[in-house]
Amino acid sequence: MTTDAHLSVFEQLSLPDTTLTRDTYGYAAQATPSFVFHHSVRSYVYARAHAQNQGLRAGTDYDDELLFVACVLHDIGLSDEGNGDQRFEVDGVDTAAAFLRKHGVEERRIAIAWDAIALHTSDGIAPRKGTEVALTQAGIGTDILGVQRESLPPGLADEVHALLPRQDLAYALSDAIIAQAETKPHKASPLTFPGDLLRRHLPYGAHPSWYDLIGVAGWGDKPVGVTARRRAETPEQVGVLFMEYLEAGDTEGLLSLYEPNAHFAPTPGTHLVGRDAIRESLQQMIDRGARLKLELLDIRQVGDIALVSNNATLTGVGPEPLISTTTEILRRQPNGGWVHVVDDPFFS
């Protein structure tokens, strides 16, 4: 990499200089938004740095031209041209393959680029598919998630960012994937990376999870092992199961009665959000030998939402019983079970 401001970015980054790489660079710059293009070029620079760090030699241990092409075209599926009817990685690789064929690249090399682009979001698979494929994913992972950033040469990231600004890349890229998926939901099937992103931007339960899919498979499979816990078929059963699981010391059973981002107030003035924090609090209750008695006061149910209030008596956590009136918001899940969205015994 050079620092001569009179040189182009291509030259300052010492990118591999061939007719194919120049054409690929120009094509990606024209076809994709700047945040995607900058990310794609940075991914190559980081992939090359990882190769050097591993003692790999360009032209001997890996095809440097092909690595560049795969990195620079890996998100071409987010371009207008690449926005077809498949998940963006596959739309992208088909678009890239057409571009490479047009430029006379042989099918053997296109097949390697195909794997590198199609598998760049597939942890555990890409590293087993060959050097160029592994390096492509490594460079991309560094630029988005900071994977192996500590192994980059000192100052490299700062120099690259000065030439190719990030533009809040990780969030901008996520938004681009979601924008495609919201228009074409079939591009984001439930068990894919785009599907996981889309699920977080839809009403809870609108995008099926793995368990939702097997629940409607039609084979009649029943839960076994840790998934065999009973679910609350009605809002009233949530409190019954909570008391049962607490007495049994079943932390995961208790946790199954909360949505992933539920709110929980274990003590006055304490407000927890999310299952990790709730699990820790529930485990502390179990470790202290807590017991809970709930007596239903009132319930209001509107469709899949229920507001519940109980008289609660908690023992085992202090010298005196802790008595309160709960405020609980429950929601019916896609599998029919009811769980907490908000569980606050001290709201009033």
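Since the model is a prediction, treat every value here as computed from it, not as a measurement.

Engineer: Help me understand a nonpolar patch on the surface, please; the structure alone is not making it clear to me.
Structural biologist: Nonpolar side chains collect at one region of the surface, where Leu191, Trp210, Tyr211, Leu213 and Ile214 lie side by side and expose about 530 Å² of accessible area between them. For Tyr211, a relative accessible area of 53% corresponds to the exposed category.

Engineer: So what exactly am I meant to see when it comes to the packing of aromatic side chains here?
Structural biologist: Each aromatic ring pair is characterised by the separation of its centres together with the angle its planes make. One pass over the structure, following the stated rule, counts 6 aromatic pairs. Plain terms: the ring middles of Tyr25 and Phe37 are 5.0 Å apart, the flat faces sit at 75° to each other, and that makes the pair edge-to-face. In this pair, Tyr25 is assigned in helix α2 (residues 19–31) and Phe37 in helix α3 (residues 34–53), connecting sequence segments 12 residues apart. With respect to burial, Tyr25 and Phe37 carry one shared label: buried. Here the aromatic residues Phe10, Tyr25, Phe37, Tyr44 and Phe68 are joined through ring pairs into a cluster of three or more. If you follow Arg22 out to its NZ or CZ, it ends over the ring of Phe10, 4.0 Å from the centre.

Engineer: Before we go on, may I ask you to explain empty space enclosed by the protein in this structure?
Structural biologist: With a probe scaled to a water molecule rolled over the atoms, the places where space remains empty come into view. In total, this model carries 2 cavities of 30 Å³ or more according to the counting rule given. One number sums up the size of the largest cavity: a volume of about 210 Å³. Lining the largest cavity are 19 residues, with Phe242, Phe264, Leu292, Asp343 and Pro345 sitting closest to its centre. Elements represented by at least two residues in the lining of the largest cavity include exactly α12 (235–248), β3 (291–302), β4 (305–315), β5 (322–325) and β7 (338–344). By volume, the second largest cavity is sized at about 30 Å³. Ranked by residues supplied to the lining of the second largest cavity, first place goes to helix α9 (residues 169–183) with 3 residues. Taken together, the residues of the lining of the second largest cavity sort by class into 4 nonpolar, 1 polar and 2 charged.

Engineer: Please explain unusual backbone geometry as it appears in this structure.
Structural biologist: Most of the time, phi is negative for any residue but glycine, and the peptide bond is trans. A positive phi angle is found at Gln167, which is not glycine, with a value near 55°. Structurally, the position occupied by Gln167 is in the loop between α8 (156–163) and α9. Notably, Asp168 is not glycine yet its phi reads approximately 55°, a positive angle. With respect to the element layout, Asp168 can be found in the loop between α8 and α9.

Engineer: In this structure, what is going on with the packing of helix α4 (residues 64–73) against helix α7 (residues 131–145)? I would like to understand it.
Structural biologist: Relative placement of two packed helices is described by the angle separating their axes and the distance separating the axes. Between α4 and α7, the least distance of the axes is 9 Å, while the angle of their chain directions is 40°. Compared by their axis directions, α4 and α7 come out oblique. Pair α4 / α7 crosses with right-handed handedness. Every residue of α7 that contacts α4 at Leu67, Ala70 and Cys71 is listed here: Glu132, Leu135 and Thr136. Grouping the constituent residues of the contact of α4 with α7 by class yields 4 nonpolar, 1 polar and 1 charged.

Engineer: Would you mind going over the environment of Asn83 with me for this structure?
Structural biologist: Along the chain, Asn83 falls in the loop between α4 and α5 (88–102). Residue Asn83 is classed as partly exposed on the basis of its relative accessible area of 27%. Sequence separation between Asn83 and Lys187 is 104 residues; the distance between their C-alpha atoms is 9.4 Å. For Asn83, the residues in contact, after removing those within four places along its chain, are Gly77, Asp91, Gln180, Lys184 and Lys187.

Engineer: Honestly, α12 in this entry has me stumped. Any pointers?
Structural biologist: Within an α-helix, residues lying three or four positions from one another point in the same direction, as the helix has 3.6 residues per turn. Helix length check: α12 (14 residues) gives 21 Å between terminal C-alpha atoms against 20 Å at 1.5 Å per residue, within 8%. Of all the positions in α12, only Pro235, Val238, Gly239, Leu241, Phe242, Tyr245 and Leu246 are classed as buried. The arc enclosing the buried residues of α12, seen along the axis, measures out at 165°, which places them on a common side. Turned more than 90 degrees from where α12 packs its buried face, Glu247 and Ala248 sit exposed.

Engineer: Quick question: what am I supposed to make of the pairing of strand β1 (residues 258–264) here?
Structural biologist: On a regular strand, each side chain points to the face opposite its neighbour's, so the side chains alternate between the two faces of the sheet. Sheet topology places β1 next to β7; 3 bridges connect them, and they run parallel. Bridge pairing in β7 links Tyr258 to His340. With 2 bridges joining them, β1 and strand β2 (residues 272–273) adopt antiparallel strand pairing. Opposite His263, over in β2, you have Val273 as the bridge partner.

Cut-offs and rules
Residues numbered from 1 in each chain as written. Predicted model: local features only at pLDDT ≥ 70, side-chain atom pairs only at ≥ 80, totals over all residues. Heavy atoms only, no water. Patch = residues over 30% accessible without salt bridge, like charges linked within 9 Å, V, L, I, M, F, W, Y side chains within 5 Å. Areas by Shrake-Rupley, 256 points an atom, 1.4 Å probe, with all protein chains shown as cover. Salt bridge = Lys/Arg side-chain N within 4 Å of Asp/Glu carboxyl O. Buried < 20%, exposed > 50% of the residue type's maximum accessible area, 1.4 Å probe, protein only. Phe/Tyr/Trp six-rings, centres within 6.5 Å; stacked < 30°, edge-to-face > 60°. Helix = DSSP H or I, 4+ residues; strand = E, 2+ residues; numbered from the N terminus. Lys NZ or Arg CZ within 6 Å of the ring centre and 35° of its normal. 1 Å grid on protein atoms, 1.4 Å probe; cavity = no way out; pocket = protein on both sides within 12 Å on 5 of 7 lines; lining within 4 Å. Points joined across faces, edges and corners; volume = space filled by probe spheres on them. Nonpolar A, V, L, I, M, F, W, Y, C, P; charged D, E, K, R; others polar. Axes fitted to C-alpha atoms, helices over the stretch in contact; angles between N-to-C directions. Parallel < 35°, antiparallel > 145°, perpendicular 65-115°, else oblique. Left-handed = near helix turned anticlockwise from the far one by under 90°. Contact = heavy atoms within 4.5 Å. Expected span 1.5 Å × (residues − 1). Arc of directions from axis to C-beta. Pairing = 2+ DSSP bridges.

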